[in-house]
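Structural overview for review
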Amino acid sequence: MELNTVKKKELRGELLRFLAGIYPEGVIRESVFETFFEYYKTEYIEQEMAYLVDKGYVARKDIPTPFGPTFEKVVSFRLTPSGRDVLDGTLPDTGIQVRR
């Protein structure tokens, strides 16, 4: 079952709020999944996080592991100033629902 448009917008807002709670630090992808897996499938979290990265509201950083190239990279996410502006309401985006 796919997420409807309203649920996608809500998830985007929740992801931004989560990252704002640890700003200016970032968080690894697995921590994001652990926080939201009870409510959303991992694939939905990945899709909406990719949307936020593409819009410039979240920065993604791929960090190589010390175990060599055969291991998966560690992925981290960090809220950008534009993402903060969306949360504050100074940068409107109808694709994101932020609960105030």
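In what follows, the accompanying structure is described. Per-chain numbering applies: the sequence of each chain, read as written, is numbered from 1 onward. Per-residue local features of the predicted model are confined to residues with pLDDT of at least 70, and side-chain atom pairs are confined, for both listing and counting, to 80 or more; whole-chain, interface and lining totals are unaffected and use all residues. Values shown for side chains rest on all heavy atoms present in the structure; no hydrogens or waters enter the calculation.

**Topic: the packing of helix H2 (residues 29-36) against helix H3 (residues 42-55)**
Relative orientation of the contacting elements H2 and H3 amounts to 125 degrees, with a least axis distance of 10 Å. Considered as vectors, H2 and H3 are oriented oblique to each other. As H2 runs across H3, the sense of the crossing is right-handed. Touching Arg29, Val32, Phe33 and Phe36 of H2 are Thr42, Ile45, Glu46 and Met49, all from H3. Under the convention adopted here, Pro, Cys and the residues Ala, Val, Leu, Ile, Met, Phe, Trp and Tyr are nonpolar, Asp, Glu, Lys and Arg are charged, and Gly plus all remaining residues are polar. A breakdown of the residues in the contact of H2 with H3 according to their chemical character gives five nonpolar, one polar and two charged. Helix axes are fitted only over the stretch in contact, all axes being lines through C-alpha atoms; the angle between N-to-C directions runs from 0 to 180 degrees. The helix and strand labels rest on DSSP assignments: H or I over at least four residues marks a helix, E over at least two residues marks a strand, and numbering proceeds from the N terminus. Any angle from 65 to 115 degrees is called roughly perpendicular, while one under 35 is roughly parallel, one over 145 is roughly antiparallel, and all others are oblique. Handedness of a crossing follows from how the near helix is turned relative to the far one, being left-handed for an anticlockwise turn of less than a right angle and right-handed for a clockwise one. Two residues qualify as a contact provided that any one of their heavy atoms is within 4.5 Å of a heavy atom in the partner residue.

**Digging into the pairing of strand S3 (residues 74-79)**
When strand S1 (residues 27-28) meets S3, the two strands line up antiparallel, connected through two bridges. From the neighbouring strand, Ile28 faces S3, where its bridge partner is Ser76. Pairing of strand S2 (residues 58-63) with S3 involves six bridges; the strand directions are antiparallel. Bridge pairing in S3 places Arg60 opposite Phe77. What makes two strands pair is DSSP finding at least two bridges between them.

**A word on the nonpolar core**
Note on terminology: a nonpolar core comprises buried Ala, Val, Leu, Ile, Met, Phe, Trp, Tyr and Cys residues joined through side-chain atoms within 4.5 Å. Three exposure classes are used, based on accessible area relative to the maximum for each residue type with a 1.4 Å probe and protein chains only: buried under 20%, partly exposed in between, and exposed over 50%. Counting 23 residues, the largest nonpolar core has Leu15, Leu16, Val32, Met49 and Leu52 as the members making the most contacts within it. Looking at this core, the elements that each hand over two or more residues are helix H1 (5-20), H2, H3, S3 and helix H4 (81-88).

**Section: the sheet that holds S2**
Within a beta sheet, neighbouring strands are joined by backbone hydrogen bonds and run either parallel or antiparallel to one another. Spatially, the three strands line up as an open sheet ordered S1-S3-S2, and their pairing is antiparallel. Looking along the sheet, the strands with just one partner apiece sit at the ends: S1 and S2. Along the sheet, H3 makes contact with S2 and S3, crossing S2 at roughly 110 degrees.

**Comments concerning the pattern of salt bridges**
Think of a salt bridge as a Lys or Arg side-chain nitrogen and an Asp or Glu carboxyl oxygen that are within 4 Å of each other. This structure, assessed with the given rule, holds seven salt bridges. Between Lys7 and Glu10 there is a salt bridge, with its nearest N and O atoms 3.6 Å apart. A residue pair is termed a helical-turn pair when its members lie 3 or 4 positions apart in one helix, as Lys7 and Glu10 do in helix H1 at three residues. Judged by relative accessible area, which is 37%, Lys7 ranks as partly exposed. The exposure class assigned to Glu10 is buried, which follows from its relative accessible area of 11%. Between Arg60 and Asp62 there is a salt bridge; the shortest N-O distance is 2.8 Å. Residue class for Arg60 comes out partly exposed when judged on its relative accessible area of 43%.

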